[in-house]
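Examination of the molecular architecture
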Number of protein chains: 2
Amino acid sequence: MPKPRVPRPTAKRLSLYLRELEAQQDRGQPTSSSKQLGTALGLTDAQVRKDLAIFGQFGHPGIGYKIPELIAQLRKILGTDRSWNAAIVGAGNIGRALMPYARFRRKGFEIVAVFDSDPAVIGSVIAGHKVRPMSDLPQLVRERNILIGIIAVPAAAAQQVADALIKAGVKGILNFAPIRLEVDHHVSVDSVDFLLSLEQLAFQVSLGLAGSLDERDGE
Amino acid sequence: MPKPRVPRPTAKRLSLYLRELEAQQDRGQPTSSSKQLGTALGLTDAQVRKDLAIFGQFGHPGIGYKIPELIAQLRKILGTDRSWNAAIVGAGNIGRALMPYARFRRKGFEIVAVFDSDPAVIGSVIAGHKVRPMSDLPQLVRERNILIGIIAVPAAAAQQVADALIKAGVKGILNFAPIRLEVDHHVSVDSVDFLLSLEQLAFQVSLGLAGSLDERDGE
DNA sequence: CGTTGTGAAATGATTCACAGCT
DNA sequence: AGCTGTGAATCATTTCACAACG
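First, a word on scope: everything that follows refers to the structure included in this document. (Residues numbered from 1 in each chain as written. Chains lettered and ligands numbered in written order. Predicted model: local features only at pLDDT ≥ 70, side-chain atom pairs only at ≥ 80, totals over all residues. Heavy atoms only, no water.)

Quick word on the protein's contact with DNA strand C
Not every one of the 23 residues close to DNA strand C is listed here, only the nearest: K50 of chain A together with S34, R49, G59 and Y65 of chain B. Contacts to DNA strand C include K50 of chain B, whose side-chain N or O atom sits 3.0 Å from a base oxygen. Separating a sugar or linking oxygen of DNA strand C from a backbone N or O atom of G62 of chain B is a distance of 3.1 Å. Breaking the surface near DNA strand C down by element, the ones donating at least two residues are α1 (8-26) and α3 (45-53) of chain A together with α3 (45-53), β2 (59-60) and β3 (64-66) of chain B. For the surface near DNA strand C, the element with the most residues is α3 of chain A, which contributes 4 residues. (Near = heavy atom within 4 Å. Polar contact = N/O pair within 3.5 Å; in protein donor to acceptor, adjacent residues only side chain to side chain. Helix = DSSP H or I, 4+ residues; strand = E, 2+ residues; numbered from the N terminus.)

Focus: the packing of helix α9 (residues 194-206) of chain A against helix α1 (residues 8-26) of chain B
Running from amino to carboxyl end, α9 of chain A crosses α1 of chain B at an angle of 120 degrees, the nearest separation of the two axes being 9 Å. α9 of chain A and α1 of chain B meet at a crossing whose hand is right-handed. Facing α9 of chain A, whose interface residues are L195, L196, E199, Q200 and F203 of chain A, α1 of chain B presents A11, K12, L14, S15, L16, L18 and R19 of chain B. Taken together, the residues of the contact of α9 of chain A with α1 of chain B break down into 7 nonpolar, 2 polar and 3 charged. (Axes fitted to C-alpha atoms, helices over the stretch in contact; angles between N-to-C directions. Left-handed = near helix turned anticlockwise from the far one by under 90°. Contact = heavy atoms within 4.5 Å. Nonpolar A, V, L, I, M, F, W, Y, C, P; charged D, E, K, R; others polar.)

Quick word on a positive patch on the surface
On the surface, a cluster of positive charge is contributed by R8 and K12 of chain A together with R8 and K12 of chain B. For the positive patch, the secondary structure elements donating two or more residues are α1 of chain A together with α1 of chain B. Residue position: R8 of chain B is located in helix α1. Residue R8 of chain B is classed as partly exposed on the basis of its relative accessible area of 30%. (Patch = residues over 30% accessible without salt bridge, like charges linked within 9 Å, V, L, I, M, F, W, Y side chains within 5 Å. Areas by Shrake-Rupley, 256 points an atom, 1.4 Å probe, with all protein chains shown as cover. Salt bridge = Lys/Arg side-chain N within 4 Å of Asp/Glu carboxyl O. Lys, Arg positive; Asp, Glu negative; His and termini not counted. Charge placed at Lys NZ, Arg CZ, Asp CG, Glu CD. Buried < 20%, exposed > 50% of the residue type's maximum accessible area, 1.4 Å probe, protein only.)

Looking at helix α2 (residues 34-41) of chain B
Residues and elements named next belong to chain B. Burial in α2 covers these residues: S34, L37, G38 and L41. Projected onto a plane normal to the axis of α2, the buried residues spread over an arc of 100 degrees and lie on a single side. Pointing more than 90 degrees away from the buried face of α2 are the exposed residues K35 and T39. Those residues of α2 that are buried lie in contact with α1, β1 (31-32), α3 and β3. Where α2 terminates, the next one or two residues include G42, which has phi positive at roughly 75 degrees. (Arc of directions from axis to C-beta.)

Here's what the structure looks like:
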């Protein structure tokens, strides 16, 4: 299994397949078909098969996909068959909402450090996490093998936080600040921007009930 | 200006253009060019021009785009030239983080109601918002002309909350639950799913420094 | 000049449709 | 019969390249 070219939309769907398969497994299902996965996720069966076939031949003609087998494969592909240590930078509203989010750990992401620049919160403990000063960041990121940084600071500070994280060795950044981060090409950035999402909603809604935008779900 | 077909990727970029233009205006810039907008956002100039040309001829050859003019146009197109009343359902971690988010109002979104099903929080006031029981939802959505609902409840409850919101008259839903919502085609849904984003990050990072995924920014 | 708007070409993603396996 | 994997066809989006404009 060398390195297949992965279309970006496919990459996003991989996580969705995994999620749906886990749900089906919880319901006691032993196998699933591309048809079944597709209808659950609003996709065509052909789409599902194309996506999965990129990585190998996981399916069994006449049967479908064996759920435990495919789950294991997807976890390996997505890198969630191991655990990832992450740091949250910014103990404001968003950072605080993220800390107690138990599902993180259940999915293999462990928050092992929290940083903030505000002396008023440094030293306090939130949801079991001690808030540390930014000056501790380089050392802790290295010591605790943190590869993922979560930026939950105001837009004005986001770029310099990103720079600090990258310099310390972080390889992936989840960015909640409404700003485009400029990063080296060997670092991955994924942004969560709910203001943008709200605006998309306003746009689609104001296009009116008979929208001229595609009629497919805006998932 | 009838109803142009708007490619979905274009719709997302429209908000980005508006944001960048506002930043440039704050810096005192009177005009901007497709080249300048493009480099600021990691896009080609041709892309920017194509996107904007869908809605009319806003540019001035040799000059570029007059910033105040284009901002006004984009606001009108996106529907953010007016104010939108929104309701938050779910006063848990995420809901609570959203309530004090001042930027919402600044961008034309006003949280005018908050609902939860937990008797322990109903009646309490969070960030100036009184938490109301779900039974108040239908009436309040109508009375306060709420067109946008923000779902911040656990996945298991999300679909029924969506149904309740839509029945009450909401036309757009911002969904924070990690689940696909089944909605009528006249309702728009946009999802914010940071577990998904984290997994994308893990995927890209584990593909290794020399990723086989596109080398462009993972914005 | 510099910059727009836009057909034409190139690239990318999805769907079709069917041979082949169980 | 039911279902996968996949080449070919279709559809969508981006980039190119250039005439026209101020």
